[in-house]
Amino acid sequence: MKEILSRRERVMRAVERRPVDRTPIDLGVHYSTGISAYAYQNLREYLNMPKKKIEVIDSFQFLARVDEDILERFHCDCMLFHPGYPTTKTWRPREHYEFEISGAINPTLEDDGAWIFSGNDENNPGRMKSPAGGYFFDGWGFDTWASSLDFNTEVAKYAEKIYKETDYFTLYVGGGSGYFSDNPDYLVKLMLEPEEIKKDCENQYNWSIKSTADIIEKCGGYIQGLCLGSDLGTQTAAFVNPKIYADLIAPQLKKYIDFVKANSDYKIFFHSCGAMEPFIQILIECGVDILNPVQVSCKNMEPFELKKKYGDKICFWGGGCDTHGAFGKPTGTPGEVAENVRYLMSALAPSSGFVFNQVHNIMGDVKPENIVAMLDTAYEESFKYGNL
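Residues numbered from 1 in each chain as written. Predicted model: local features only at pLDDT ≥ 70, side-chain atom pairs only at ≥ 80, totals over all residues. Heavy atoms only, no water.

Peer 1: How do you make sense of the pattern of salt bridges when you look at a structure like this?
Peer 2: Two side chains of opposite charge can pair, provided their charged atoms sit close to one another. Counted under the stated rule, the structure contains 24 salt bridges. Residues Arg 10 and Asp 77 are paired through a salt bridge, measuring 2.6 Å at the closest nitrogen-oxygen approach. Residue Arg 10 is located in helix H1 (residues 7-15), and its partner Asp 77 is located in the loop between helix H3 (68-73) and strand S3 (88-91); the two are separated by 67 residues in the primary sequence. For Lys 52, the salt bridge goes to Asp 69, with nearest N and O atoms at 3.7 Å. With a gap of 17 residues between them, Lys 52 in the loop between helix H2 (37-46) and strand S1 (56-58) and Asp 69 in helix H3 connect regions that are remote in the sequence. (Salt bridge = Lys/Arg side-chain N within 4 Å of Asp/Glu carboxyl O. Helix = DSSP H or I, 4+ residues; strand = E, 2+ residues; numbered from the N terminus.)

Take a look at the structure:
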């Protein structure tokens, strides 16, 4: 087993479906490919890794920034593109857990053991709640930078640092629009007011172009991808008839992607949960390069069929471990997790065009031994699919 490529080159070749030395591995490059801060602290302790401040980079899902020592331990090829918050504070929710959260958050403990996160000034009015013993929050948001700071300027500095000081692949999350919503009111409007949907898409396009032009100007070639996303399916079906999506949504999505590719070398990473197979060909025709999270437990998302139908046209980023299976169950064993990883990689990894990642985030109560089994097995298997 020998690695020939740099991390960044390995991922880029996989995205372009070119030969690789091994399958690339990701843990946490996107806010749906990461790990709960609780599970992350448990993992570090299980591995006897040095104690570090655990930085929460998504307050809603309560995700941790994956430190470079963990990325190296598990041979990961990607690094999250998040420069950190202007200020942070230490929060100790329960037991031995300790996290660094945004300084814009004011945590309050309720009598019933629930935690409330609220904004600490008039510029951050959001409010979120996690029940006693919970692992993430529900509510509405303030997980933002102070309005006086230029986020993209700070991001550009961080992008340059990652590019020059490491060889990790990274991508910008949140610069554009997915042009679709699973909100019930929106879905009704799709059927009854299509002209309003077209106007909405045009408005989103105009906003996205300005935002994306700023990203391209400031980040330049320091990043390799741009993330878009909108969930297109439930567990069992698409949210909308694909023809409606193709007629109303896809034209603006394609127009936006055409703009990105005309002005940069960025790869388009598209996040959509659920049974969204009917949309894959549409997304390919729009110019999408990467599909995530490949929710293999959903209807019509059988991995061998996906690879057969679309594997020569798009990169699958995810689908490497079914988080609804043994991995996330209290009774699941490392052996069962390893078996699941081997099976799913045998479907998705051949002939490149695949980046290993579990389906969606690792939840807070997942056993650390199962996380180790997943990532160690992925690395062991990854060389089977190298063809340089």
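Peer 1: It is not clear to me how the sheet that holds strand S6 (residues 115-119) should be interpreted in this structure. Could you clarify?
Peer 2: Through backbone hydrogen bonds, the strands of a sheet pair up, either in parallel or in antiparallel fashion. Strand order across the open sheet formed by four strands is S5-S6-S7-S8, with antiparallel pairing between neighbours. Each edge of the sheet is formed by a strand with only one pairing partner; in this case those strands are strand S5 (105-109) and strand S8 (138-140). Taken over all neighbouring pairs, the strand axes of this sheet differ in orientation by 15° on average, direction set aside. Of the strand pairs in this sheet, S6 and strand S7 (residues 127-130) are connected by four bridges, and their pairing is antiparallel. Bridge pairing in S7 places Trp 115 opposite Ser 130. (Pairing = 2+ DSSP bridges. Axes fitted to C-alpha atoms, helices over the stretch in contact; angles between N-to-C directions.)

Peer 1: Explanation requested: the packing of aromatic side chains in the structure shown.
Peer 2: Within a pair of aromatic rings, the relevant descriptors are the distance that separates the centres and the angle that separates the planes. Going through the model one piece at a time under the given rule, you end up with 24 aromatic pairs. Between Phe 62 and Trp 91, the ring centres sit 5.6 Å apart and the planes meet at 75°, which makes this aromatic pair edge-to-face. Residue Phe 62 is located in the loop between S1 and strand S2 (63-64), and its partner Trp 91 is located in strand S3; the two are separated by 29 residues in the primary sequence. Their ring planes at 15° and their centres at 6.4 Å tell us that Phe 81 and Tyr 158 sit as a pair that is stacked. On the criterion of sequence distance, the pair formed by Phe 81 in the loop between H3 and S3 and Tyr 158 in helix H4 (residues 151-165) is long-range, its members being 77 residues apart. Residue Phe 81 is classed as buried on the basis of its relative accessible area of 6%. Since its relative accessible area comes to 16%, Tyr 158 is described here as buried. Through a chain of ring-to-ring contacts, three or more aromatic side chains come together here, namely Tyr 38, Phe 62, Trp 91, Tyr 97, Phe 99, Trp 115, Phe 117, Tyr 135 and Phe 137. When the ring centre of Tyr 168 is taken as reference, the NZ or CZ atom of Arg 7 above it lies at 4.3 Å. A cation over a ring is seen here: Lys 255 above Tyr 205, with NZ or CZ 4.3 Å from the ring centre. (Phe/Tyr/Trp six-rings, centres within 6.5 Å; stacked < 30°, edge-to-face > 60°. Buried < 20%, exposed > 50% of the residue type's maximum accessible area, 1.4 Å probe, protein only. Lys NZ or Arg CZ within 6 Å of the ring centre and 35° of its normal.)

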